[in-house]
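For reference, the chains in residue letters:
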Amino acid sequence: MLEVRNLHKVYPNGTVALTDVSFRVDDGEFLVVIGLSGSGKSTLLRCLNRLIEPSQGQILWDGVDVTAASGAELRRIRRHIGMVFQQFNLVKRSSVLTNVLAGRLGFANPWLSLLGVWPPSDRAMALRALERVGIRDKAEARADALSGGQQQRVGIARALMQEPKLILADEPVASLDPVLSHSILQYLEQLNKEEKITVICSLHFLDLVHRYATRVIALKDGKVVFTGLPQEIDKARFKAIYGEDAVEVRAGMTA
Amino acid sequence: MDTLPALASLLLPGLGQFLSGRRGRGLSVFGVLALMLALVWWATAPAAGFAETTIAFKGDPNLWWWLIAPALVWAWNVWDAARPGGAPGWLPLLVAGGMFAIFGWQTAEISPSTLLQNGDRVMLIIRPMLQPDFLQVRAEEREGWVELLVPCPAEAPAAPSNTSDGIALELSAGCAAVGQELTVTGAGLRPDTAAEFIWQSPIGDFFPLRDPADPQQFRLVQPEADGSLQAAFSVPNAIPPGIDPNLPQEQRLYVRQSRPLGGWELSTNGRFVLQGIYETLSVALMSTALGTLLAIPISFLAARNLMGANPVTLAIYVAMRTLLNIVRSIESLIIAIIFVVIVGLGPFAGMLAVTVHTVAALAKLFSELIEGIDPGPIEAMRAVGGDWLQIIRYGVVPQIVPPFTAFTIYRLEINVRASTIVGLVGGGGIGFFLIQWINLSDFRAVSASFIAILVIVIFMDQFSAQIRKRLQ
């Protein structure tokens, strides 16, 4: 269980990104964070594993205070939290396999990993992860030789290497064609359902939210303006989250 | 029609434009006119501080007509100020540009006829260059010599004789005046090969004696069947300029036999060419290696994304960037001259000069690569729980190593060329030999070194292109 209490984030340049954000995520949930660009979704997700340092507030994960952890302890926490990024964040020049193996860094022998030496068990695990996302045949290809959808699947395989209890997905499909969005989100859904991995995912398109989310929180200007089930987002709430002028656009191709 | 600005511009060019808000135009008009007038004054005023100018019409006070161009521009400037929309700008540019072009032509001493008149000089260079002095026919050489005094001292020495390399030589007299006829008698020569006569001057210069019957040919004497030889020759004028011609000095006659053995070997200059190329490549390699090693840490200090965080590091960044820009703008040829003064002639000076330039150029390129790296993988490595070293190893290194290597290889290619050039000012290598051969007008050796340089440059070019293609 993840609990966020009164989280605040003010950037050094004075931008207020999050104001008094509190919510709870139970194990096994597929929580979707929605909101306009700049509403604080990315900041919130990065605060959860402290890629961004929160200014104030507390994050408790299974009773461990993430906000108080430092150094080695923080790295131990992070290695159980998988993260999937909008821009995939792969090393483009490296092979797919190397990119996936890097997901294991938190568990690996530090010196061997610096030499680029990985135990056979990790390699086998990486191939299994690639198998799972359907691109095992691409293991030796360079990451930038893959299409966007395939690169994001490498990103998911990398997260799988962490055997995560929680996956943070920051706009995982915003850089992809709508057609590919479902394929990526279905992998996340599968992990959520089969492996009981909690997923916290930020998304743009409301139809995707309806299709995948078990629960939704909405951010506006860094504040939580809605928490509830996806079907509770009616016209009035939609306007409240996205502003008066907003018109709903669909990703389409509901699977 | 704006009278006031027109009047202002009549008094001071550009003032009218400036006052009516067209400041840039006003300043440009003033600047161009000031430059034109200064040039006319410089060229026509006698002894105005530029006494040694090369301009052909320098100092002729009758050349007042040079003022026509500035006058035209001045008039245009009044028109421009008076006309609300301004006058066409290309008019004064054409006049001023034309004037500058004529002055430039004179100052650069451009003279196409000179270029075309000296065809014979071209041939003087081209002909030897068509026979590069790199390989020579393998030959067995023997030479004997005998020494005499030119001119004769008060007390004439005895007729000299000497045996060396198995060739015994004897002269009819131990001294002679320039132009006097002497007889040389030899024994122990190979009967099947003609002998060359070569004279050595008092300062050690060698030159072949010419055939008295045909001065276009060198003197060749065929020995008898028993290996003996007898020939008359006149003593050549080998007294170097600046030396008292009445002072008796030792000079030598060499008799040389050269027998071809078949096949080819490196000539003396060919050996120098190889040595020079080897030295140049070593200079290039060492300066690239050392330069890269130094450039890597400096590049991190000159990368804004790493140094921009706080004022202290930002100051280091600015200082580094400024220093790199200054050093990079100095030709390695100039740096080489400085190092030749410090460490003396030789490849070490050249290596230091090329290294300095390499550090400055590579550090800038490297720092730009570091500034351009994708922060995404770094973020991802932090997210999976990597420590600092792992983040660098998996998030940064794969992004920068291939382009760093590519730039280093490219730099090696540049340094091979730079290392030849620094040799010209004493930085060792093939350039050092080359400049001496140019000064000695030994164009056969120059040609050989040109070809050698061409070969290594083309090779490096291909090599670096191949490597860089693979690193992409």
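Note that the coordinates shown come from a computational prediction; the quantities given were computed from them, not determined experimentally.

Would you take a moment to explain the state of the cysteines for this structure?
What makes a disulfide is a covalent bond joining the sulfur atoms belonging to two cysteines. Taken as a whole and judged by the stated rule, the model has one disulfide over all chains. With no disulfide of its own, Cys47(A) lies closest to Cys201(A) among cysteine sulfurs, the gap being 17 Å.

How should I be thinking about the domain arrangement of chain B in this particular structure?
How big an interface is tends to be stated in terms of the accessible area lost upon association of its parts. When cut into domains, chain B gives domain 1 (3–110), domain 2 (137–265) and domain 3 (269–471). Taking the mean C-alpha position of each, domain 1 of chain B and domain 3 of chain B sit 46 Å from one another.

Just to check I follow, could you spell out the nonpolar core for this structure?
Most often, soluble globular proteins have nonpolar side chains that are buried together. Counting residues in hydrophobic clusters, the biggest one holds 90 residues, and the most contacted among them are Ile34(A), Leu44(A), Val100(A) and Ile200(A). Val100(A) has contacts with Ala126(A), Ala129(A), Leu130(A), Val154(A), Ala157(A), Arg158(A) and Met161(A), leaving out every residue within four places of it along the chain.

Would you mind going over a nonpolar patch on the surface with me for this structure?
Residue and element names in this part refer to chain B. On the surface, a cluster of nonpolar side chains totalling about 830 Å² of accessible area is made up of Ile326, Ile330, Ile334, Ile337, Ile338, Val341, Ile342, Val343 and Phe348. Take the nonpolar patch: its biggest share by element is six residues, from helix H11 (residues 332–343). Within the fold, valine 341 resides in helix H11.

It is not clear to me how the sheet that holds strand E4 (residues 181–187) of chain B should be interpreted in this structure. Could you clarify?
Backbone hydrogen bonds are what pair the strands of a sheet, in a parallel or an antiparallel way. Residue and element names in this part refer to chain B. The strand order E2-E3-E4-E8 describes an open sheet built from four strands, whose pairing is antiparallel. Sheet topology places strand E2 (161–164) and strand E8 (229–234) at the edges, where each strand pairs with a single neighbour. Each adjacent strand pair in this sheet contributes to an overall mean axis angle of 20 degrees, direction not counted.

Which parts of the structure should I look at to understand the sheet that holds strand E8 (residues 198–202) of chain A?
Residues and elements named next belong to chain A. Taken together, six strands build an open sheet; the order of strands is E6-E7-E8-E3-E9-E10 and the sheet is mixed. Two strands lie at the open edges of the sheet, namely strand E6 (81–84) and strand E10 (223–228), each paired on one side alone. Between one strand axis and the next, the sheet turns through 15 degrees on average, direction left out of account. Two elements, strand E7 (residues 166–169) and E8, share four bridges in a ladder whose sense is parallel. Pairing of isoleucine 167 across the sheet is with valine 199, part of E8.

How should I be thinking about the domain arrangement of chain A in this particular structure?
All names here are of chain A. Examined at the domain level, chain A breaks down into domain 1 (1–80 + 165–255) and domain 2 (94–163). For domain 1 versus domain 2, the separation of C-alpha centres amounts to 25 Å. Taken residue by residue, the interface counts 13 residues in domain 1 and 13 residues in domain 2. In this assembly, domain 1 packs against domain 2 so that about 1,200 Å² is buried in total across both faces, 62% of it on carbon and sulfur atoms. Between arginine 132 and glutamate 194 there is a salt bridge whose closest N-O contact spans 3.4 Å. Linking domain 1 to domain 2 there are seven residue pairs in polar contact (both at pLDDT 80 or more). Counting residues per element, the side of domain 1 that touches domain 2 draws most heavily on helix H7 (residues 178–194), at six residues. Looking at the side of domain 1 that touches domain 2 residue by residue, the class counts come to seven nonpolar, one polar and five charged.

What is the right way to read helix H13 (residues 375–383) of chain B from this model?
Along an α-helix, residues three or four apart share an orientation, since each turn contains 3.6 residues. Among the residues of H13(B), those classed as buried are Gly376(B), Pro377(B), Glu379(B), Ala380(B), Met381(B) and Ala383(B). At its buried positions, H13(B) is contacted by helix H1 (41–48), helix H2 (71–78), E6 and helix H6 (148–160) of chain A together with helix H14 (388–423) of chain B. The opening residue of H13(B) is Asp374(B), an N-cap whose side-chain oxygen sits 2.9 Å from the backbone nitrogen of Gly376(B).

Quick question: what am I supposed to make of the environment of Val64(A) here?
All names here are of chain A. Here valine 64 shows up in strand E5 (residues 64–65). The exposure class of valine 64 is partly exposed, given its relative accessible area of 34%. Discounting residues that sit within four places of it in the chain, valine 64 has contacts with Ile59, Glu73 and Ile77.

Explanation requested: the packing of aromatic side chains in the structure shown.
Two aromatic rings are characterised by how far apart their centres lie and by the angle between their planes. Residue and element names in this part refer to chain B. Enumeration over the complete set of coordinates arrives at nine aromatic pairs over all chains. Plain terms: the ring middles of tryptophan 199 and phenylalanine 233 are 5.9 Å apart, the flat faces sit at 55 degrees to each other, and that makes the pair tilted. Of this pair, tryptophan 199 sits in strand E5 (residues 195–200) while phenylalanine 233 sits in strand E8; the two residues are 34 residues apart in sequence, bridging distant segments of the chain. Residue phenylalanine 233 is classed as buried on the basis of its relative accessible area, which comes to 3%.

Rules used in this analysis
Residues numbered from 1 in each chain as written. Chains lettered and ligands numbered in written order. Predicted model: local features only at pLDDT ≥ 70, side-chain atom pairs only at ≥ 80, totals over all residues. Heavy atoms only, no water. Disulfide = S-S within 2.5 Å. Domains from an automatic or database assignment. Core = buried A, V, L, I, M, F, W, Y, C linked by side-chain atoms within 4.5 Å. Buried < 20%, exposed > 50% of the residue type's maximum accessible area, 1.4 Å probe, protein only. Contact = heavy atoms within 4.5 Å. Patch = residues over 30% accessible without salt bridge, like charges linked within 9 Å, V, L, I, M, F, W, Y side chains within 5 Å. Areas by Shrake-Rupley, 256 points an atom, 1.4 Å probe, with all protein chains shown as cover. Salt bridge = Lys/Arg side-chain N within 4 Å of Asp/Glu carboxyl O. Helix = DSSP H or I, 4+ residues; strand = E, 2+ residues; numbered from the N terminus. Pairing = 2+ DSSP bridges. Axes fitted to C-alpha atoms, helices over the stretch in contact; angles between N-to-C directions. Buried area = accessible area lost by both parts, 1.4 Å probe. Polar contact = N/O pair within 3.5 Å; in protein donor to acceptor, adjacent residues only side chain to side chain. Nonpolar A, V, L, I, M, F, W, Y, C, P; charged D, E, K, R; others polar. Phe/Tyr/Trp six-rings, centres within 6.5 Å; stacked < 30°, edge-to-face > 60°.

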